[in-house]
Amino acid sequence: MTQTELLSASPKGIGRAAELLRDGQLVAFPTETVYGLGGDACAGRAVARIYEAKGRPSFNPLIAHVADLATARAFADFSDDALRLATAFWPGPLTIVLPVRADAGLSTLATAGLTTIGLRVPDHESARALLTAFGGPVAAPSANLSGRISPTTAAHVMAGLSGKIAAVLDDGPCSIGVESTIVGFELGEAALLRPGGLPVEAIEACLGRPLLTPHTSETPSAPGQLQSHYAPKAAVRLNVTDPRDDEIFLGFGAVECAALNLSPSGDLVEAASELFNALHILDDQGVETIAVSPIPDTGLGRAINDRLRRAAAPRN
Ligand code: TXA
Ligand code: MG
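Residues numbered from 1 in each chain as written. Chains lettered and ligands numbered in written order. Predicted model: local features only at pLDDT ≥ 70, side-chain atom pairs only at ≥ 80, totals over all residues. Heavy atoms only, no water.

**Quick look at the packing of aromatic side chains**
Two numbers describe a pair of aromatic rings. These are the distance of the centres and the angle of the planes. Applying the stated criterion to the full structure yields three aromatic pairs. Pairing Tyr51 with Phe59 gives two aromatic rings, centres 4.7 Å apart and planes at 80°, and the pair type is edge-to-face. A relative accessible area of 1% means that Tyr51 is categorised as buried. On the accessibility criterion, Phe59 (2% relative accessible area) is buried. A centroid spacing of 6.0 Å and a plane angle of 80° characterise the contact between Phe78 and Trp90, whose relative ring orientation is edge-to-face. Here Phe78 is found in the loop between α3 (69–72) and α4 (80–89), whereas its partner Trp90 is found in the loop between α4 and β5 (94–99), with twelve residues between them in sequence. Here Trp90 falls in the buried class, since its relative accessible area comes to 10%. (Phe/Tyr/Trp six-rings, centres within 6.5 Å; stacked < 30°, edge-to-face > 60°. Buried < 20%, exposed > 50% of the residue type's maximum accessible area, 1.4 Å probe, protein only. Helix = DSSP H or I, 4+ residues; strand = E, 2+ residues; numbered from the N terminus.)

**Focus on the packing of α4 against helix α7 (residues 200–207)**
The angle between the axes and the distance between the axes are what describe a pair of packed helices. For the pair α4 and α7, the least separation of the axes is 10 Å and the interaxial angle reads 125°. Overall, the two elements α4 and α7 adopt an arrangement that is oblique. Read as a crossing pair, α4 and α7 show a hand that is right-handed. Facing α4, whose interface residues are Asp81, Arg84, Leu85, Ala88 and Phe89, α7 presents Ala202, Ile203, Cys206 and Leu207. A per-class count over the contact of α4 with α7 returns seven nonpolar, no polar and two charged. (Axes fitted to C-alpha atoms, helices over the stretch in contact; angles between N-to-C directions. Parallel < 35°, antiparallel > 145°, perpendicular 65-115°, else oblique. Left-handed = near helix turned anticlockwise from the far one by under 90°. Contact = heavy atoms within 4.5 Å. Nonpolar A, V, L, I, M, F, W, Y, C, P; charged D, E, K, R; others polar.)

**Considerations on the environment of Ile63**
Within the element layout of this structure, Ile63 appears in strand β4 (residues 63–65). Sequence separation of Ile63 and Arg120 is 57 residues, and the distance between their C-alpha atoms is 6.9 Å. Excluding residues within four positions of it along the chain, Ile63 makes contact with Thr95, Gly118, Leu119, Arg120, Val138, Ala139, Ala140, Ser180, Ile182 and Arg194.

**Comments concerning unusual backbone geometry**
Here the residue pair Trp90 and Pro91 is connected by a cis peptide bond, since its omega of -10° sits within 30 degrees of zero. Examined against the element boundaries, Pro91 turns out to sit in the loop between α4 and β5. In this structure, Asn239 is a non-glycine residue whose phi angle is positive, near 55°. With respect to the element layout, Asn239 can be found in the loop between β11 (235–237) and β12 (247–251). Among the residues examined, Asn239 registers a relative accessible area of 55% and is labelled exposed.

See the structure below:
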C-alpha cells in the first residue's frame, strides 16, 4: 500500500509530481476534461502500473499527453488534416490518433502494440505545467477504477485510487467533465472514434467535410476497437509447458529454452511491459506458431491473458 500524496498545483507541487513521473511512478493530474492517471509513456513498467492500478482487465491503447504541438510532432506523423485540427483545437479536448514515429521511443504497451498513437495537448494550466516540467509524453487514461465513473475532482480520484498511486495533483474541478473527442484517420479520411468534449460540428467545420462515423455502421464497440488490436501473423498457442519443435516459445517465469521470456522472475508488471514487444519480435521471425507459457490469471495477469486469448483466437 502506497501513501498517496495530495499535491497542490503550486510550482512545488508540480515539481514533485514531475519528479515522481521521472521515477516511474503514477500521478493523477487534472485536465479540462477529466482527471488523468499519468505515467511515463516511454517506460513500459510505468504504463503497466497504470493498468494495474485501474484494475483494467484488458489493454486498451492509451492517450499520450504532451505540452504542445511541437512536442507531439516528435512522436507521430501529422497529415495536413491532422495539422489543421491540432492547430485549430490544441490545447483542447481533442485527441488525434496518428501513425507513431518509429524513433518515438513510446512503450509498446502504451499503444497496445498498434502502429498508431492517440495524442492530446490538454487545455489546462497545471496539466501543461506538469507536462513541461516532466519533459516527455505522459500516458493517461481517466483516473478511475475500471468500470467506474470518470473523476472530475481530486476527491473522486482519491476515493478510487488512494493507496494505489503515488500522488494526486489537485487543481479543483475539471471544467468540461467529459472525455476528449477522439479523431482518427481511415485511409486518409478523418473519422470520429469517440464523441467527447469537442463538438463534432466544430471539427467538421474546420475540415470542411463530414467525419466518418465508423461505429454507427457496425455493431457498436468500445472506443479503440475500430483499428483492431495488434494481432500477430503467427498462430498463438496458450498455456504451453512443453513447446513443439516447430514452435517458437515465449516463456514466463523459470522455464527453459524460451526464445524470449516475459519475466524470468515471474513479475507480472515486467511481463505486461514486455508483452507487445515480445509478440512483435517473435512474429518477425516468421514462424507459424508462437507457444506461450501459462500466465497466472491474477492482477495484471488477467489483462495479459485477455490479450493473449485475442491473439490466439481464430482469424477470419
Ligand atoms: O479526456 C480524455 O481523453 C482523458 C483525459 C485524461 O485526457 N483520457 C481518456 O483516456 O479518456 P482513456 O484511456 O479513458 O480513453 C482513451 C481512448 C480509449 O478508448 C482508446 O481505445 C482510444 O482512446 N485510443 C487511444 N489510442 C488509440 C489508438 N491508437 N487507436 C484507436 N483508439 C485509441
Ligand atoms: Mg476512461
